[in-house]
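Chains, contacts and geometry: an overview
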Amino acid sequence: VQLVESGGGLVQAGGSLRLSCAASGFTFTDYAIGWFRQAPGKEREFVAAISWSGGYTYYADSVKGRFTISRDNAKNTVYLQMNSLKPEDTAVYSCAVDLSVVITTAPNEYEYWGQGTQVTVSS
């Protein structure tokens, strides 16, 4: 099982980035996928999650209305479109497989974490 994130970078406040999470080694359509982020000195924080079909999505309040999670099951890839970025969005963003029965925001319910991609938003 492998998840590989990409798409991070340096962007000015108000800008946009699209992150990708490419999955392999398991039946992608069997699982929900979540995005988390971790800033230096802070706990890992839930960002967004999407059900196996893409029909259900859930967002942290801090990103609701600015970020959009989606998936392309034909490409085994989950995306995170991030708009109106703020300096407080700066963090390493990682994706992982949700092993719980229902979508959860708890990091300990997720497995097979990717290596992460750095997002830096300058003011």
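A short tour of the structure in this document, coming up. (Residues numbered from 1 in each chain as written. Predicted model: local features only at pLDDT ≥ 70, side-chain atom pairs only at ≥ 80, totals over all residues. Heavy atoms only, no water.)

**Side note on the overall build of the chain**
For the chain, the count of helices and strands is zero helices and 11 strands. Reading the helices (α) and strands (β) of the chain from amino to carboxyl end gives β-β-β-β-β-β-β-β-β-β-β. The C-alpha radius of gyration computed for the chain amounts to 13 Å, which stays within 12% of the reference 14 Å derived for 123 residues, consistent with globular compactness. Overall size of the chain, expressed as C-alpha extent along the three principal axes, is 40 × 25 × 25 Å. Taking all 123 residues of the chain together, 43% fall into the buried category. For the chain, long-range pairs separated by at least 24 residues make up 56% of all intrachain contacts whose partners lie at least 6 apart in sequence. For the chain, the accessible surface area stands at approximately 6,200 Å², while carbon and sulfur atoms represent 47% of it. For the chain, the distance from the average position of its 9 positive side-chain charges to the average position of its 11 negative side-chain charges is 8 Å. (Helix = DSSP H or I, 4+ residues; strand = E, 2+ residues; numbered from the N terminus. Rg over C-alpha atoms; globule rule 2.2 N^0.38 Å. Buried < 20%, exposed > 50% of the residue type's maximum accessible area, 1.4 Å probe, protein only. Contact = heavy atoms within 4.5 Å. Areas by Shrake-Rupley, 256 points an atom, 1.4 Å probe, with all protein chains shown as cover. Lys, Arg positive; Asp, Glu negative; His and termini not counted. Charge placed at Lys NZ, Arg CZ, Asp CG, Glu CD.)

**Observations regarding the packing of aromatic side chains**
Any two aromatic rings considered together are summarised by their centre-to-centre distance and by the angle between their planes. What the rule picks out here adds up to seven aromatic pairs. Plain terms: the ring middles of Tyr110 and Trp113 are 6.2 Å apart, the flat faces sit at 50° to each other, and that makes the pair tilted. Classification of Tyr110 by relative accessible area gives buried; the value is 4%. Residue class for Trp113 comes out partly exposed when judged on its relative accessible area of 24%. Feature note: the residues Phe36, Phe46, Tyr58, Tyr110 and Trp113 constitute an aromatic cluster, connected by ring pairs. Cation over ring: Arg44 sits above Trp113, and NZ or CZ is 3.8 Å from the ring centre. Positioned above the aromatic ring of Phe28, the side-chain terminus of Arg71 is 4.2 Å from the ring centre. (Phe/Tyr/Trp six-rings, centres within 6.5 Å; stacked < 30°, edge-to-face > 60°. Lys NZ or Arg CZ within 6 Å of the ring centre and 35° of its normal.)

**Quick notes on the nonpolar core**
With 34 residues, the main nonpolar core has Trp35, Leu80, Met82 and Tyr93 as its most contacted residues. Those elements that provide at least two residues to this core are strand 3 (17-24), strand 4 (32-38), strand 5 (45-50), strand 7 (67-72), strand 8 (77-82), strand 9 (91-98) and strand 11 (117-122). In this structure Met82 touches Gly15, Ser16, Leu17, Leu19, Arg66, Phe67, Tyr93 and Val119, once residues within four positions along its chain are discounted. (Core = buried A, V, L, I, M, F, W, Y, C linked by side-chain atoms within 4.5 Å.)

**Structural notes on the state of the cysteines**
Scanning all chains against the criterion turns up one disulfide. There is a disulfide in this structure between Cys21 and Cys95, and the S-S distance comes to 2.1 Å. Taking the torsion about the S-S bond as the criterion, the Cys21 to Cys95 disulfide, at about 80°, is right-handed. Of this pair, Cys21 sits in strand 3 while Cys95 sits in strand 9; the two residues are 74 residues apart in sequence, bridging distant segments of the chain. We classify Cys21 as buried; its relative accessible area is 0%. (Disulfide = S-S within 2.5 Å.)

None of the figures reported here should be taken as evidence of function without further support.
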